[in-house]
Every structure is written in structure tokens, then in C-alpha cells.
Protein chains: 2
Amino acid sequence: MTEDRTLNETAAFTFSVHARDGAARTGAISMPRGEIRTPAFMPVGTAATVKAMYTDQVRALGADVVLGNTYHLMLRPGAERVAELGGLHKFMNWPHPILTDSGGFQVMSLSKLRKLNENGVTFQSHIDGAKHVLTPERSMEIQALLGSDIQMQFDECVKLPCSDEEAERAMRLSLRWAERSRKAFAGQPGQTTFGIVQGGAVPRLRVESAKALADMDFGGLAIGGLAVGEPQAVMLEMIEVVEPHLPQGKPRYLMGVGTPDDLIESVSRGVDMFDCVMPTRAGRHGLAYTHAGKVNLRNAKHATDTRPLDPMSSCPAARDYSRAYLHHLVRSNEILGMMLLTWNNLAYYQELMAGMRAAIAERRFQDHKAETKARWARGDV
Amino acid sequence: MTEDRTLNETAAFTFSVHARDGAARTGAISMPRGEIRTPAFMPVGTAATVKAMYTDQVRALGADVVLGNTYHLMLRPGAERVAELGGLHKFMNWPHPILTDSGGFQVMSLSKLRKLNENGVTFQSHIDGAKHVLTPERSMEIQALLGSDIQMQFDECVKLPCSDEEAERAMRLSLRWAERSRKAFAGQPGQTTFGIVQGGAVPRLRVESAKALADMDFGGLAIGGLAVGEPQAVMLEMIEVVEPHLPQGKPRYLMGVGTPDDLIESVSRGVDMFDCVMPTRAGRHGLAYTHAGKVNLRNAKHATDTRPLDPMSSCPAARDYSRAYLHHLVRSNEILGMMLLTWNNLAYYQELMAGMRAAIAERRFQDHKAETKARWARGDV
């Protein structure tokens, strides 16, 4: 039974690199539920919804995969409930690939009264204070109940800066949990699981983690524990340190990253997948990402500006409304303001990824990167 | 100049009744910006947005006209600002007809430190406490600056119950303000202004008001000051009392009404137009209007219900998501929950109006009304 599943899975989950330009690569993950073009940005659908967006809008922007959060979904409505209702895809009306995190990161950042030991983490829900336990086995069980296509190993993510000893302890624990997660993986054929490189900001720990995970039977590898407070330079250095030890034939996923600049610099260093709440969260707070950089619509200078937000965008939110109107919606705390800016931001992120994929395929990634960054630097004039 | 405008306006603003069934009528208002099929429900776009809806969704549901609020828009972003930006249609990206209220109702219900005299109302903004004055002349000026297609006279709306003396005083003041509003009307050709029948719950006052307004040169007549706390029976009685005195050739608009039952009973008594925040406000609070009546998605019984909200609806929100999912979104305070339920509710209201229009055209309105009410009475089983 386990043998068969592994065989089917290997057959159904594939990753191929179509073109390289320096360390940057473009390709595709193929899965039963569809193809993920890489480099890919995954909009975050925390509680079974990409906030303020209809799923068909998310799809139309070019998103091939969304992320679901194990921590949020286990608390509400509950993993068994989602399974009973036919799984997360059906529940949220998204028939395309879904990646779920393991819950490890949110347990550390959101829950109350955490206790961590070798077995896992005991914590209280931030919603109702109820006690829960997450272990590698339970995390994988939850992700299988959700029906996730790409399931993440359970890991411990420490905040930076931290001592080398603390980073080493958490990295080693995460490696043991990687083994347990892989064994506990209960996905369907064509679903897969990714390991997560940890090790804080310590190159030798990162390398040790990457090497150990590369030897395990994971469908892909993630770099975790970054974008947790450290400078961008540290994050990029860690990617560079780890990259040579990641298998070329497997997708690399940089978790929880980041700004448009983080994305372009990370793709430049060989990363294939990203997720981040930034475009959706910023959109709910009046901040827009555009081809000319970041624009704060709350700013009074937009009150009489009849220009659209981003004429280079193909998104109706960026083209069909004046900045004055968006400013008015943001100032009035209107839901439509959040809807339009989230839409614009996710559109920009997807256009950024599509532009990078095309540039890599045409072997002009460095020029494309320089042009893109020059536009940001000129700013919104 | 005034002569010419009146002539052009008469040519461009027309109302024709296509069919009658008892007192119920169906027809169309024709204006330069488009046709309004009656009986019509106007979604409320308070602050230049129908909350939680894209304008193209509102349009696709069959809405021919939306309502804008003079009170809200004069405070933020300001009428002169909207005019400078090209008018309300352009501002909110809605090129179809817009009706604006006069501000009178909201001044009474929302503002602080009101002082009313013959000239108008002085009040403080509920947003920032700034002092403002609304008079018939300023209200009409604001509505012209917004570019409203149907502009409402400035009136005084009293809360029910109130003394006959109070109702009479406010009605007489509203009649004098009707004259001043009509004179001050500064709309473009094809735009028009409606008078508002007042008189509380006192039949003789309502009749006096209706007769006086029928003699003035208004494009249509509204019945105001109802749905302000009185029983439905009182509201319907006031419509019946007023109806014989309203010109047959002009549209009748029942302001701020109401529940689906209010709408069907009012159409039955000869009303052509409605507006109400109910479908949009309810949608933001987990309440759905369906062919089977009202459904509270917050209720725990929906947590495991895989059925769609309303299979008789043509709206994706009512068909493509399980009640369990909608329940989850509402419980989690997700914006998508507000988006989907608002969409469903406005779809139901528009389908209700379309059904009434068809039934009147086919002279089967009473049967249609009985069937519709029987479905509501059976409830959501």
C-alpha cells in the first residue's frame, strides 16, 4: 500500500526546469490538480480564503497555487470538519493546487502558553484559549485531512537574532521532525511533502540542515526561518549558502518572503516558490505595490489625483479607478478599498513573477532585474 | 436658460407605464444615462460605493440605478471635490443613473448638535465634528455638483411615532422646502428632481402633502418618512392613502424601504422605486435573503451543511459555496463572507424585482405574490 502510493506519487508529482539564467531558473511543477509555473508566488489563503478576493479573481491573475494555514484551519473550522466537508479545495472553491504550512510557524507567533518538547508543541488557541497539541504526526495528519497537494514538514522556527546554540538546537529538532513528518505523510498519490532547511543565520548550520534534508525523500525543499526580523542581506546570504546543497531537480521554496525586491533577489539566487501575506495585508491597509514601487493611498497628496494607480498594470483595480477614489475609500475604511488594493497588489506580484519567468526563459534575467529595480528606484512620480 | 433646461429635461427624462395589474405597474424611466426598469430596487452606495461590491457586479445583477448619499458625500470627500474630479459617476466608476437623497434624513439620524429653522439645518459632522449647514438650496447645489440624475428635494423627516402637530409642522416645512428645492434645482438636461410626501402617520396630512406636491413641477414623487419605526400595516396604509393623489404618469419612490415583504406589498399598492441598506447591511452581518426567506449563516446548524445557500438563485455566491463555508467565513469575520452575502442579497433583491416586473407584465401579479410569500412562509428547510 505504501509502496504503491510512493510509486504513483513519483509518477504524478514532477518538477522540471525549462531554462536557467545564472542561478535563476524557470520551470513547472506538474501535479494531478494542475501545473505550477515557477518561479511562483502563492497568495496566502490563511483561513480558507485569500482575504478580500474571490477565488476566480485569484486564478485569473495567474496564481497556480494558494497557501492554506494548518494552524488557523485546525482551530477553525477544524481539520476533521474540513475533511468531512470534502477537503479544503472544495470547501474554499479552489480546485487548483494548494500548499499547506505545518502550523509550526504560527504556533510560535500566534498561540498562547506554548510548551515545546521533543514530541511536539502544546499550546492554547488564540481564538478561544482551548488547548491543542501539534506534533509532526498530527501536523501531517491535518494536512492530509485538508487534502493539501504540497504538505510541509513540522519544524521549529526561531526568531532572529538568536544564539548559535538556540539555532542549532532548533535545527536539529527540525531534522528529527523532518524524518517523523516524512514517515507520517499520508497524502494521496500526486501529493507530496517538502522538508524545511533551518539553522538561523549560521552558515554551517544551514549547510548541515540542507545536506541532511537533501538525503531524505522529499518532493521539494523549503528554506524556513528567514524574513523573521533579520536584514535582507542576511537572508540573501543564507540563500546563497544553502543553494549549492539543494538538489537541482527539486523545487526550492523560500517561506514567508517577501517584498518585490526580496522576490527578485531570491529568484536571482535560485529560489522557485514564495508565499507572503504582504500583498494582501498591505492592501487592507491602504498600501499598493505598483510598477513604480510602493504607493501609500492614505497620503493626502492622492486626494485630488485623477490618475489611475498603475497604468502599466493589467488589473482593473489599477486602471479603472482614480487615485482620488482609492484614497477616499481607504480614508473611509470602505471594504471596496481593501478589495481593490488587494486585487492590485496580487496582480502586481503575479505580473512580477510572470515577468521573471519570461526573462529567465529569454536569458535576460539580469537586465530585466536591473530595469525592474530602476523603475522602483525612480518611484511614483 | 432655465426655460431651455426645462424643455430639454422634459424631452430627455420620461416615464412610461407598460403594464398594470391592479394598482401594481411596470414600466421604465428613460434618461440620458440609461433606462430604469420599474418596479426598481436601488442598491445603496452611501459613500460612493455599494459596500463590499464591485460596480460591475452590481450592474450584472440587473441594477439600473444606485443611490448616493448627499450627507456622507458632502462630508467626505466633499461635493466640490467630487465635481472637480468629474462627478460621482466617474468617481465611483458607475456610468448608469444615480439618484441622490437630499441629506435631510441622515442629518436627523447621524449628525450631532442639530439646529433646525425655516432656513435649513445646522449640524456637526459625525466624522470630525465640523460644522455644516444644509438648506434646500445647498442640498440641490450639492446634488448638482455630484451630477446626480435624480435629485431629491430637501425635507424634514420626523421619527414615528410623533404627535400630529409635529407631523404637520414638518410636512408644511417640507412643502415650503419643496418649492425652494425645485427653484434651486441646477441639474443638467435629462436630470430631474423628485418631491417627497411627508405627514407622519396622519392620513389627512399625507393627502395634503401629496396634492400640493402633485401640483408642483417634479419629475417624480417620493413617499418619505416611513419605515422609521412604525408597524408595516401603518406604512402600507399610508401608501394606500397617498396613492390616489400621485400623478399616474410619474414614478413613485418609497424611500428607505425595505424587507422583501415590504417591497412586494408596496408594489402591490402602486410603488415603482425603492432603496434600502437592508440587503447590503445584512450581508455584512451574516444574514442572507433567499427564495426561502431569511437565513442567518452565523447559526451553528450551518456548520456542517454542504448545501448551497439558495439553489433557486442565479448568483454564484448562492450556488458555488456550501453553507458550511459561508458559516465559517462569517464566524471568522472574513471579508469574503461579507462580499459573498452582500452579493447574494443584492442578487435576491434584483431577482425579486425582475420577478415582479414579469408578473405584472403577464397580469399574474397576485398569484406571483402569493407564491412568493408562500415560499418565504415555508422557510428554509
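Conventions adopted
Residues numbered from 1 in each chain as written. Chains lettered and ligands numbered in written order. Predicted model: local features only at pLDDT ≥ 70, side-chain atom pairs only at ≥ 80, totals over all residues. Heavy atoms only, no water. Domains from an automatic or database assignment. Contact = heavy atoms within 4.5 Å. Buried area = accessible area lost by both parts, 1.4 Å probe. Phe/Tyr/Trp six-rings, centres within 6.5 Å; stacked < 30°, edge-to-face > 60°. Helix = DSSP H or I, 4+ residues; strand = E, 2+ residues; numbered from the N terminus. Buried < 20%, exposed > 50% of the residue type's maximum accessible area, 1.4 Å probe, protein only. Expected span 1.5 Å × (residues − 1). Salt bridge = Lys/Arg side-chain N within 4 Å of Asp/Glu carboxyl O. Least-squares fit on C-alpha atoms with pLDDT ≥ 70 in both. Pairing = 2+ DSSP bridges. Axes fitted to C-alpha atoms, helices over the stretch in contact; angles between N-to-C directions.

Draft legend 1. Region of interest: the domain arrangement of chain A. Residue and element names in this part refer to chain A. As assigned here, chain A comprises domain 1 (15–275) and domain 2 (283–376). The centre of domain 1, based on its C-alpha atoms, is set 27 Å off from the matching centre of domain 2. With 30 residues of domain 1 at the contact, the number on the domain 2 side is 26 residues. Buried area between domain 1 and domain 2, both sides added, is near 2,500 Å², and the carbon and sulfur share of it is 69%. For domain 1, the biggest contributors to the area lost against domain 2 are Leu-61, Pro-260 and Ile-264; these three give 25% of the whole.

Draft legend 2. Expanded view of the packing of aromatic side chains. For the structure shown, the criterion picks out 15 aromatic pairs over all chains. Geometrically, the ring pair formed by Tyr289(A) and Tyr349(A) is edge-to-face, given 5.5 Å between the ring centres and 80° between the ring planes. Linking Tyr289(A) in strand β15 (residues 287–290) with Tyr349(A) in helix α15 (residues 335–361), this pair joins segments that are 60 residues apart in sequence. An angle of 15° between the planes, with centres 5.8 Å apart, marks the rings of Tyr321(B) and Tyr325(B) as stacked. The exposure classification of Tyr321(B) matches that of Tyr325(B), with both residues buried. Of the aromatic side chains, those joined through ring pairs into one cluster are Tyr54(A), Trp343(A), Tyr54(B) and Trp343(B).

Draft legend 3. Focus on helix α16 (residues 365–378) of chain B. All names here are of chain B. End to end, α16 covers 20 Å across 14 residues, agreeing with the expected 20 Å (1.5 Å per residue, within 8%). If you follow the buried residues of α16, they end up packed against β1 (14–21), β2 (24–31), α11 (260–267), β15 (287–290), β16 (293–296) and α15 (335–361). Phi for Gly-379, located one or two positions after α16, is positive at around 80°.

Draft legend 4. Up close: the side chain of His328(B). Secondary-structure assignment places His328(B) in helix α14 (residues 323–331). The exposure class of His328(B) is buried, given its relative accessible area of 3%. With residues near it in sequence (within four places) discarded, His328(B) still touches Ala47(A), Ala48(A), Arg76(A), Pro77(A) and Phe91(A).

Draft legend 5. Up close: the pattern of salt bridges. Going through the model one piece at a time under the given rule, you end up with 50 salt bridges over all chains. The partner of Arg172(A) in a salt bridge is Glu208(A), and the shortest N-O contact between them spans 2.8 Å. Placement of Arg172(A) in helix α8 (residues 164–184) and of Glu208(A) in helix α9 (residues 203–214) is noted, with a sequence separation of 36 residues between them. What makes Glu208(A) partly exposed here is its relative accessible area of 29%. Here Lys369(B) and Glu265(B) are joined by a salt bridge, their closest N and O atoms 2.9 Å apart. Of this pair, Lys369(B) sits in helix α16 while Glu265(B) sits in helix α11; the two residues are 104 residues apart in sequence, bridging distant segments of the chain. According to the relative accessible area criterion, Lys369(B) is buried, its value standing at 11%. Here Glu265(B) falls in the buried class, since its relative accessible area comes to 8%. By sharing partners, the salt bridges in this structure join Glu240(A), Asp261(A), Glu265(A), Arg269(A), Lys369(A) and Lys373(A) into a single network.

Draft legend 6. Summary view of the relation of the copies chain B and chain A. Taken as rigid bodies, chain B and chain A are interconverted by a rotation of 180° and an axial shift of 0.0 Å, the fit giving an RMSD of 0.0 Å. With respect to symmetry, the two chain copies, as superposed, fit the operation of a two-fold axis. For chain B, the smallest separation between a C-alpha atom and the rotation axis is recorded for Ile335(B), amounting to 3.8 Å.

Draft legend 7. Here's a closer look at the sheet that holds strand β8 (residues 121–124) of chain B. Residue and element names in this part refer to chain B. Spatial ordering of the open sheet is given by β7-β8-β9, a layout of three strands whose pairing is antiparallel. This sheet does not close on itself; its edge strands, each paired only once, are β7 (112–116) and β9 (131–134). Geometrically, the sheet is characterised by an average inter-axis angle of 15° between neighbouring strands, direction not taken into account. Alignment of β8 against β9, held across four bridges, turns out to be antiparallel. Each bridged residue has a counterpart across the sheet, and for Val-121 the counterpart in β9 is Leu-134.

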